[in-house]
Number of protein chains: 2
Amino acid sequence: MRELCLPVGLNEHEIQVLGDVVSHKRKVQRGGYLYRTGSKFQSLFAIRRGFLKTCILEQDGRQQVTGFHMTGELLGLDAISTELHTCDAVALEDSEVCEIPFAKLEEISRIIPSLMRHFHKIMSREIVQDHGVMLLLGSMKAEERLATFLLNLSRRFLIRGYSESNFYLRMTREEIGSYLGLKLETVSRAFSKLQDENIITVDNKHIKINDIARLKMKMGNSTCVP
Amino acid sequence: MRELCLPVGLNEHEIQVLGDVVSHKRKVQRGGYLYRTGSKFQSLFAIRRGFLKTCILEQDGRQQVTGFHMTGELLGLDAISTELHTCDAVALEDSEVCEIPFAKLEEISRIIPSLMRHFHKIMSREIVQDHGVMLLLGSMKAEERLATFLLNLSRRFLIRGYSESNFYLRMTREEIGSYLGLKLETVSRAFSKLQDENIITVDNKHIKINDIARLKMKMGNSTCVP
DNA sequence: ACGCCTGATTGATCTGAATCAAAGCCAGCG
DNA sequence: CGCTGGCTTTGATTCAGATCAATCAGGCGT
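Just so you know, these numbers come straight off a predicted model, no measurement behind them. In this numbering scheme, every chain counts its residues from 1 along its sequence in written order. Going through the entries in the order they are written, you letter the chains from A and number the ligands from 1. Local features in this predicted model are restricted to residues whose pLDDT is 70 or higher, and side-chain atom pairs enter the listing and the counts only when it is 80 or higher, whereas totals over whole chains, interfaces and linings include all residues. Note that the side-chain values use all heavy atoms of the structure and ignore hydrogens as well as water.

## Concerning the protein's contact with DNA strand C
Here a residue is considered near a molecule or strand provided that any single heavy atom belonging to it is located within 4 Å of it. Residues in close proximity to DNA strand C total 18 residues, the closest being Arg173(A), Ser192(A), Lys141(B), Ala142(B) and Thr186(B). Taken together, the sugar and phosphate atoms account for 62% of what DNA strand C places within 4 Å of the protein. Distance and chemistry together define a polar contact, namely a pair of N or O atoms within 3.5 Å, with one atom able to donate a hydrogen and the other to accept it when in protein, and with adjacent residues in sequence counting only for side-chain atoms on both sides. One of the side-chain N or O atoms of Arg189(A) is found 2.9 Å from a base nitrogen in DNA strand C. For DNA strand C, a base oxygen lies 2.9 Å from a polar atom in the side chain of Arg189(B).

## Let's talk about the side chain of Glu73(A)
Residue and element names in this part refer to chain A. By definition, any uninterrupted DSSP run of H or I lasting at least four residues is a helix, any uninterrupted run of E lasting at least two residues is a strand, and each is numbered from the N terminus. Turning to its location among the elements, Glu73 is positioned in the loop between strand S4 (63-70) and strand S5 (74-75). Engagement of the side chain of Glu73 in a polar contact is seen with the backbone nitrogen of Met70, the distance being 3.0 Å. In this view, Glu73 contacts Phe45, Ala46, Ile47, Phe68, Arg156 and Arg160; residues no more than four positions away in its chain are not counted. Residue contacts are defined here by distance: any two heavy atoms, one from each residue, within 4.5 Å place the two residues in contact.

## Observations regarding the pattern of salt bridges
A pairing counts as a salt bridge when a side-chain nitrogen of Lys or Arg comes within 4 Å of a carboxyl oxygen of Asp or Glu. Inspection of the entire model under this criterion finds 28 salt bridges over all chains. The partner of Glu197(B) in a salt bridge is Lys193(B), with the nearest N and O atoms 3.4 Å apart. Throughout, exposure labels follow a simple rule: accessible area from a 1.4 Å probe, protein chains only, divided by the maximum for the residue type, with under 20% read as buried, over 50% as exposed, and the rest as partly exposed. For Lys193(B), a relative accessible area of 42% corresponds to the partly exposed category. Three or more residues joined by partner-sharing salt bridges are found here, namely Glu83(A), Glu106(A), Arg117(B) and Lys121(B).

## Section: the protein's contact with DNA strand D
In the vicinity of DNA strand D lie 18 residues, with Ala142(A), Thr186(A), Arg173(B), Ser188(B) and Ser192(B) positioned nearest. At a separation of 2.6 Å, a phosphate oxygen of DNA strand D approaches a polar backbone atom of Ala142(A). Between DNA strand D and the protein, one listed contact pairs a base nitrogen with a side-chain N or O atom of Glu185(A) at 3.3 Å. When residues of the surface near DNA strand D are traced back to their parent elements, those giving at least two are helix H6 (184-196) of chain A together with helix H6 (184-196) of chain B. Per-element tally for the surface near DNA strand D: the top contributor is H6(B), with 5 residues.

Following this line, the structure appears as structure tokens:
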């Protein structure tokens, strides 16, 4: 738990205090909602196990996936501002989260400065990541976007001790497309193209990265072929 | 100051404590940098006066504007995570900011819970706004993007006591384009189109919104003309 | 085993925005 | 003043990705 939820250099006592905060665990089945847009915010959720997406849906029905989240990540940060959740959080596979009552977290972060600092860093990192996505959406073309996306997943799997070159996508092409600002057909074509070039092997949702270096090339410069 | 930097229901004593944090003011001339990517993070900056943009630039020279910022807004939140600034902050007109040493802010936010809460809300709102931009970049077409952008500015000017229907853009078409994920020509055409429809009047960087209701229509549904 | 349904692939065509190109406008400055 | 350079507008053309459409593969329940 300590490792996942809010790691940091905490001493024995601090870890114990923190343990008290993380009230209880909650399971969310595949397809189930952890929370919904508009519901009252009281807690953050640290993912212990599983895979979720967050998405906002517009009045006219269009939905935009704002992120995919895996073990160890913190959900609900967007809701602090209005005390209402601003997006839906949906499990893409059976998941388990631990609930962190936000008021309590603030309370004990007054006692443990390193915890407070860590929490601030987590929020800040969220902002940095969103800026990265904005860059992607604002200036990359389809293939670059997909390459960036796959490398991002790859790195996150690696950090968690899984293979960086062989993984299973929990989301559909449509969800990937929504996240990347593309239509599902375009996502599918981009997959096929990367496969044709032997950079990856695609078997439905199973992805194998054959040449990570070339995939990285795809990310930065599509047009720079000297 | 109290109103701008970190408003909240603070009592006399708290305001005084806070006053001590906001160490000194700094002026940034038009075109000048408040901070640069990679520079060490120590302080947040609250804008007292002026107008700035933040932007990240990729290895290959492309730049992406991540935001435009006006009086009362807080800059530098992205840098908390790595303690290095992840973007450039450039003044688009002569500006003045007050520097808020972050360590001090954390320190006194331990003493003033409402200040801590307020700070968390500010960070959270930043995340929510970024999600809004992601939605825009991921699923809107040019005209919708520009309408959304203008209405966002309009609202922010209104809040600050300026006209919501008559304002001056500090940024170039290129910067707007970068922010909206469009090329400058497309931005220009979108302006012209809105003008042709008598929804706005454009005189270079002076914008007059003639029909705010119709502009709002443009934002949501481009194709719904019953 | 069968049929159904959801999701994925692939092809053909269309379209919105990018790109290329040419003026035009304005502010600042010699 | 007139020239220069940055910013903007507008037009013509191209192209990446959206849309439309058909087919296919896999998982699930009966």
